[in-house]
Every structure is written in C-alpha cells, then in structure tokens.
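Residue-level structure breakdown
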Amino acid sequence: MTPVRIVEVGPRDGLQNEKQIVPTDTKLELIARLADAGLRDIEATSFVSPKRVPQMADHAQLMRRLPRRDGVSYPVLTPNLQGFEAALQAGAREVAVFASASEAFSQRNINCSVAESIERFEPLMAAAQCAGVRVRGYVSCVVGCPYEGNVAAQRVADVAARLADIGCHEISLGDTIGVGTPGSVLRMLEAVSARMSVDRLAGHFHDTYGMAVANVHAAYAFGLRVFDSSVSGLGGCPYAQGASGNVATEDLVHLLNGLGVDTGVDLDRLIDCSAWISSVLGREPFSRVARAVIAKRASS
Ligand code: HMG
Ligand code: MG
C-alpha cells in the first residue's frame, strides 16, 4: 500500500497559539522527540512578525540549534520576502507560503488581500528558486471562514491553482476552523483536483467539531497521501478564534495503522512524546488515542 507522508506541524501550528511563551529548549526537545518517534517532516517555526505571533519570535535561534538528522526536514512558514530571507539565513531548506480562500481571513491573518498575498509571494518564489529551496503552499479556510462563513469550493480551487502556478510543489488544504465534514471536504477536493493532480495535495484538518479523523479518511479514500497533524492535537490559529488544534498525530497514525498504511512512525514513542509535551503545557493530551493508551498503560 502507498505510504502516507505525515507533516508534523506541532512545533509551529501546535504552539503558535499558546499564551505562555514556551522556552526554545522545550521546543527543541519536542522536535527531537518527534524525530525519535519517526516523524520526517517537522514544521519547526514561522518567520512571521514577532509582534503578531510572539510565540514564534525565537525562530532564528531555534533554526540554528535544530538537530541535523539524515532524512529529517524542518520546513518553516514564510509570509513574505523578509521572512524568507531571515529563514534562509537561519538555515531553512524548505519553506511554506500561506494564502487564504477567504478575503476577510487574509486581511486579519496577513494584513493584505488574497491577490496581494500572491504578489508578495512572487519575489519570494524567485529567491527560493535561486537558493534551491522548495516551497509548499497553504490555502486556509478551505471549507469555512471565521468571518465570512461558508467558502465556495471554486474559490479554493482558484487560490490553490494560483499557488501551483507560481511554483509551489505541494498545496496543503487547510480547514482552519475545523468545520468541514466528509461531504464538504469531498466537494472541495473535487473542485481542486479538477485543476491539479491529487498527488500535489495535502490535507490539513483542524478538529474543532471532532471531524478531523473522518475528514482525513475521506481525503485518503479520494487519493490524498500527505496529511498535516499535530502531536497531542495541539494548536489553533491566533486569527481564528475558537478553532481547535489539528488532527492529533497519534489519531492519524492509529487510523493509518488500522488501514495497513505505512507511516514510519512508532506510535508508542509518539504517545510518550504527547504525554510529555502535554504535561509540560499542564494539560491532558487532546488525542483520544493517546488518552486511551495512557489509561491502558496505567491499569496494566
Ligand atoms: P504587515 O503588517 O502587513 O507587514 O505584516 P509590513 O510589511 O507592513 O511590516 C510591518 C512590520 O512587520 C514591520 O516592522 C516589518 O519589519 C515587520 P516595524 O517597522 O513595524 O517594526 N515584518 C516582519 N517581521 C518579521 N518577519 C516578517 C515580517 N514581515 C514584516 N516576515 C505579516 C505582514 C504577514 C508579516 C504579518 O501580518 C504577520 O506576521 N502575520 C502573522 C500571520 C501568522 O503567523 N498567522 C498564523 C499562521 S497561518 C495558519 O496558522 C494557517 C495554517 O496553519 C493553515 C490553516 O490551518 O489554514 C498555515
Ligand atoms: Mg493550521
């Protein structure tokens, strides 16, 4: 069976919304534990404005101290050329730009229209090409927007196609506020896949309504083989109030293990990592799988 590539976004999407600043050493330990559990794509941080997202202000220090391991890559978010140049200088070899299918979210999140955001990405794409850096593209609000409500699938397809046109090798489709269901996700995927091959698509499902695992399963059946997830189910976006974290990596791995799909992730080690970061943050893991396994371990 074709393996699934997991992009672990816990250190970035998972932590960006934490109110208490997490020390750089803790972030580095989290990343090392995720790599030990077998994660190979670990989104490490974002080169955004520290005034807007203070939790990511240590981006350059963190990048310089990342454990260099064969086969492990550490993509980072870069919203513009300024962020890209800082990321490159700090040693980034893979980056991601992020646009939105909703105008209102684009304005709140990155302070410009959707069209302006694509214009900002163009010099970044040129610089990335010169530097031999791969660029992933995110589309946010692929089902719903916290400010505009339902988002038309055609709008998502248009933005995804623009990102592919300017050179993004992969497009990650973000249900930022976790309102999607398999029905709405499949309608959106049909529209996007009419414009590009499913091989270039990744699913990024937040779990606000508890549908993230169902949405992954629907997208997997549709043909997607790349999924973003966050250890323990940490996360949310500072510009999407009330949205919860991503699908938990433990729940994603458990789902895929059950389908006989290889992910290369050691679920037991991942659950140890989940228990550890949750205790550091002073809470239980959000992952149902982690909670079930931890309870079972305690009773045996
Ligand atoms: P802006 O205000 O439009 O930028 O910010 P500007 O060009 O007018 O500059 C204003 C100030 O920001 C200047 O500093 C710049 O130097 C600085 P000042 O003169 O005031 O001291 N600046 C920067 N600083 C650091 N890094 C940069 C940078 N660019 C400008 N790259 C900007 C535009 C995008 C930077 C800002 O709006 C921002 O940082 N927004 C935060 C966006 C964010 O991180 N959101 C969360 C991540 S996206 C997400 O979670 C969704 C995703 O998970 C998928 C999904 O779930 O849907 C990916
Ligand atoms: Mg997200």
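Note: the structure precedes this text.
Here's what I pulled together on the structure shown here. Note that the structure is predicted; figures quoted are calculated from it, not measured. (Residues numbered from 1 in each chain as written. Chains lettered and ligands numbered in written order. Predicted model: local features only at pLDDT ≥ 70, side-chain atom pairs only at ≥ 80, totals over all residues. Heavy atoms only, no water.)

Here we take up the environment of Ser184. Looking at the secondary structure, you find Ser184 in helix H8 (residues 182-193). Since its relative accessible area comes to 17%, Ser184 is described here as buried. Each C-alpha atom of the pair Ser184 and Phe47 lies 32 Å from the other, and the pair is 137 residues apart in sequence. (Helix = DSSP H or I, 4+ residues; strand = E, 2+ residues; numbered from the N terminus. Buried < 20%, exposed > 50% of the residue type's maximum accessible area, 1.4 Å probe, protein only.)

Turning our attention to the coordination of the magnesium ion (ligand 2). Taken together, Asp13 (OD), His204 (NE2) and His206 (NE2) make up the full set of protein donors to the magnesium ion (ligand 2), lying 2.1 to 2.3 Å away. Linear spacing of the donor residues for the magnesium ion (ligand 2) on their chain is D-x190-H-x1-H. Linking Asp13 in helix H1 (residues 10-14) with His206 in the loop between strand E10 (201-205) and helix H9 (212-222), this pair joins segments that are 193 residues apart in sequence. You can call Asp13 buried: its relative accessible area is 2%. (Donors = N, O, S within 2.8 Å, 3.2 Å for Na, K, Ca; no water.)

This paragraph deals with the site of ligand 1. Taken together, 27 residues sit near ligand 1, with Ser49, Asn80, Asn109, Ser140 and Thr176 positioned nearest. Interatomic distance of 2.9 Å between a side-chain N/O atom of Arg12 and an oxygen atom of ligand 1. Contacts to ligand 1 include Thr176, whose side-chain N or O atom sits 2.6 Å from an oxygen atom. Calculation on ligand 1 without its partners gives an accessible area of 1,100 Å², and the protein chains cover 75% of this total. Put simply, the parts of the chain that give the shell around ligand 1 at least two residues each are H1, helix H4 (81-89), helix H5 (103-110) and strand E6 (134-140). Looking at the shell around ligand 1, its residues break down into 10 nonpolar, 12 polar and 5 charged. (Near = heavy atom within 4 Å. Polar contact = N/O pair within 3.5 Å; in protein donor to acceptor, adjacent residues only side chain to side chain. Areas by Shrake-Rupley, 256 points an atom, 1.4 Å probe, with all protein chains shown as cover. Nonpolar A, V, L, I, M, F, W, Y, C, P; charged D, E, K, R; others polar.)

Let us now look at the packing of aromatic side chains. Under the criterion given, the structure shown has 0 aromatic pairs. It is Arg136 that lies over the ring of Tyr138; its NZ or CZ is 5.2 Å from the centre. (Phe/Tyr/Trp six-rings, centres within 6.5 Å; stacked < 30°, edge-to-face > 60°. Lys NZ or Arg CZ within 6 Å of the ring centre and 35° of its normal.)

On to unusual backbone geometry, then. Even without a glycine there, the phi angle at Asn111 is positive, about 65 degrees. Structurally, the position occupied by Asn111 is in the loop between H5 and helix H6 (114-131). Relative accessible area serves as the criterion here: at 52%, Asn111 is assigned to the exposed category. Phi at Cys141 is positive, roughly 60 degrees, even though this residue is not glycine. Relative to the elements of secondary structure, Cys141 occurs in the loop between E6 and strand E7 (144-145). Cys141 sits in the buried class, given a relative accessible area of 0%.

Take the sheet that holds strand E1 (residues 5-8) next. Strand-to-strand pairing in sheets goes through backbone hydrogen bonds, with the strands running parallel or antiparallel. Across the sheet, which stays open at both edges, the 9 strands sit in the order E2-E1-E11-E10-E9-E6-E5-E4-E3 with parallel pairing between neighbours. In this open sheet, the two edge strands, each paired with only one partner strand, are strand E2 (41-42) and strand E3 (45-46). Relative to E6, strand E5 (residues 94-100) runs parallel, the two sharing 7 bridges. Bridge pairing in E6 places Val95 opposite Val135. Sitting on the sheet, H6 is in contact with E5 and E6, with an inclination near 165 degrees to E5. (Pairing = 2+ DSSP bridges. Contact = heavy atoms within 4.5 Å. Axes fitted to C-alpha atoms, helices over the stretch in contact; angles between N-to-C directions.)

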